[in-house]
2 protein chains.
Amino acid sequence: MSTGLNVAIAGATGAVGGELIRLLEEREFPVRQLKLLASAKSVGKFLEFKRERVRVELLSENSFEGVDIALFSAGAGTSRQFANRAVACGAIVVDNSSAFRMENEVPLVIPEINAEDIATQRGIIANPNCTTIVALMALYPLHREFGARRVVASSYQAVSGAGARAINELSLQAKAHLQGEKYEPEIFPYPIAFNVLPQVDIFLETGYTKEEVKFVNESRKIMHHPTLRASITCVRVPVFRAHSVAVHADFERPVSVANARDVLAKFPGLEVFDNVNLKQYPMPLNCAGRNNCQVGRIRLDSAFDNGLAFWVCGDQLLKGAALNALQIAENLVR
Amino acid sequence: MSTGLNVAIAGATGAVGGELIRLLEEREFPVRQLKLLASAKSVGKFLEFKRERVRVELLSENSFEGVDIALFSAGAGTSRQFANRAVACGAIVVDNSSAFRMENEVPLVIPEINAEDIATQRGIIANPNCTTIVALMALYPLHREFGARRVVASSYQAVSGAGARAINELSLQAKAHLQGEKYEPEIFPYPIAFNVLPQVDIFLETGYTKEEVKFVNESRKIMHHPTLRASITCVRVPVFRAHSVAVHADFERPVSVANARDVLAKFPGLEVFDNVNLKQYPMPLNCAGRNNCQVGRIRLDSAFDNGLAFWVCGDQLLKGAALNALQIAENLVR
């Protein structure tokens, strides 16, 4: 190769795809050629990259010839259909979907936590679930210091986690509601405007949603902590962008708020925003569009002997998806 | 007395006051005379009760002569100022505020749980915090069956918990936001439209909010369970009415989802709405205006050995405030 890499984005016209294109430029990723791939209905659209218009092409078996890095962000079905083909063509795939995350030979990576796992890749590297990423950005440094034993969490997930059309649905539905009109839900099972839905993703036989099980399984894999006890209630809230997670955790070793704050403040990609006297705490409205996650409301957890409670927010399209994927790609380049 | 009781409502023009007036009529409470009391700025307004217009009077030291039952719903400061005066005049006070809840000689009552405590009253009976009521309506029957050891919860609290002006603020702020305009917060410390705030009530030195500490202390007192370990993160969400709480609890005795459902289904004032195959679960939008609380998402908690996770919703102006207060008054009448 002369200079740079041939990069393909599968799902280029989606919410995460758009952020990937922007971040490739902003972070000066060494792109030689950028291929924007999508399904038939988006073919022929043009998207801007480095002040040039790039035509969206059809995602197909033949899309990956000569591609070095393929960033997949088009859902698990699409990843299952095309990721192995991309690998066969010689590309390394960074996959945003849940398709391969729990497969043994696929590393599941948050670079600040387990970048070393990237070296074990055999063609596919998985990007974790957005809620898992946001929660672990604060839980992991605490785990490293105090040894996490048990985690109980609840999420407050923004609609943009469900894609660009979900953002539109919240906006139009809220407008209709305020005018006393009806707006039937299409993306979500029930109205999301001025409501909260205790369902993200489909239900499994245990009564948990897939999203909730992802949090437990992915946390164990990423932190290399197979015995972690964890549970979560995942809830969609009428917020456009940035997820929040209330985390209550019990640790092996004695904890203190001062130690916790020290450890969190040193962790890359995380900001401690925690001064309740000044009413400073993370909020989705302030974390939208921000690369770093924010943690606050750090306090001893009154339900556990060595417990800490905290509140973490992060933009799930950035650190929860596009940024994390690109950080993985940057690690590959190094 | 010939027929009925003389009833006073202190704080008659507020959101809870309005529900109290409506419920007194709907539930055919034996009212001989209704006194509507409020601060100076509401004096002279008329409110309707049983198709008659009742004039709002100034709440003062002299308001309680001849009053049998005084329902207070005007904040802790007002209760501290006037409740003892009402008692001195011979009234029994049912107080919605936090002023007396943790005082030893004041029973704190959810009638479905500890109606028998009403008999210990010496003039004041306290109505619990709204989030506590909603959570305990599902936690208590499970505690009675399995013995609650540890509870970790997160709340999703509607703006109406902060009063009638908060409802208006969410509405106008959401409208402004959708039109790309600004609307400065007045009731809440930050914008609540399309945001969530991990703060309800003021902060204490421990890093918990007063609302969060209320949940722990009031749960112990109401359930007569002083050794319960509990913690909660209380969060305001852009919902107009009805609180939701995600509860994760660990019990002394082995639990099963089937047993839990049985026990919950038999509890008065609570509906089990829990069929995930049909996407049936409680939501604030459906619980607004409903007397009963709803519980769903009942599942084994993967973080505990004898754990259950569930999701409970309730209208905090009704069961969380006015209805519970009136139920206490109904118990007094019997």
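The preceding data block contains the structure.
Remember, predicted model here, so these are calculated numbers, not experimental data. (Residues numbered from 1 in each chain as written. Chains lettered and ligands numbered in written order. Predicted model: local features only at pLDDT ≥ 70, side-chain atom pairs only at ≥ 80, totals over all residues. Heavy atoms only, no water.)

Comments concerning helix α5 (residues 164–178) of chain B
Thinking step 1. The terminal C-alpha atoms of α5 of chain B lie 22 Å apart, and with 15 residues this matches the ideal 21 Å at 1.5 Å per residue to within 8%.
Thinking step 2. Within α5 of chain B, burial applies to Ala166, Glu169, Leu170, Ser171, Gln173, Ala174, Ala176 and Leu178 of chain B.
Thinking step 3. Check the buried side of α5 of chain B and you find it contacts α5 (164–178) of chain A.
Thinking step 4. Downstream of α5 of chain B by a residue or two, Gly180 of chain B has a phi angle that is positive, lying close to 70°. (Helix = DSSP H or I, 4+ residues; strand = E, 2+ residues; numbered from the N terminus. Expected span 1.5 Å × (residues − 1). Buried < 20%, exposed > 50% of the residue type's maximum accessible area, 1.4 Å probe, protein only. Contact = heavy atoms within 4.5 Å.)

Some thoughts on the sheet that holds strand β6 (residues 92–95) of chain A
Residues and elements named next belong to chain A.
Thinking step 1. The strand order β3-β4-β2-β1-β5-β6-β7 describes an open sheet built from seven strands, whose pairing is mixed. The two strands at the open ends of the sheet, each matched to only one other strand, are β3 (46–49) and β7 (124–126). Each neighbouring strand pair of the sheet contributes to a mean axis angle of 30°, computed without reference to strand direction.
Thinking step 2. One ladder, built from six bridges, connects strand β1 (residues 5–10) with strand β2 (residues 31–38); its direction is parallel. Note that in β2 the partner of Ala10 across the bridge is Leu37.
Thinking step 3. On the sheet, helix α9 (residues 318–333) packs against β1, β5 (69–72), β6 and β7 and is oriented at approximately 165° with respect to β5. (Pairing = 2+ DSSP bridges. Axes fitted to C-alpha atoms, helices over the stretch in contact; angles between N-to-C directions.)

Concerning the relation of the copies chain B and chain A
Thinking step 1. By a simple turn and slide, chain B fits onto chain A: the slide is 0.0 Å along the axis, the RMSD is 0.0 Å, and the turn is 180°. The superposition of one copy onto the other is thereby described by a two-fold rotation axis.
Thinking step 2. When the interface residues of chain B are mapped onto chain A, 100% of them are again interface residues, pointing to one common binding face. (Least-squares fit on C-alpha atoms with pLDDT ≥ 70 in both.)

A short note on the pattern of salt bridges
Thinking step 1. Within the structure shown, the criterion is met by 34 salt bridges over all chains.
Thinking step 2. In this structure, the salt-bridge partner of Glu211 of chain A is Lys214 of chain A, at a minimum N-O distance of 3.9 Å. Here Lys214 of chain A and Glu211 of chain A lie together in helix α6 (residues 210–222), a separation of three residues that amounts to about one turn. Note on accessibility: Glu211 of chain A and Lys214 of chain A belong to one class, buried.
Thinking step 3. Its salt-bridge partner being Arg101 of chain B, residue Glu218 of chain B comes within 2.9 Å of it at the nearest N-O pair. With a gap of 117 residues between them, Glu218 of chain B in helix α6 (residues 210–222) and Arg101 of chain B in the loop between β6 (92–95) and α3 (111–114) connect regions that are remote in the sequence.
Thinking step 4. By relative accessible area, which is 2% here, Glu218 of chain B ends up buried. (Salt bridge = Lys/Arg side-chain N within 4 Å of Asp/Glu carboxyl O.)

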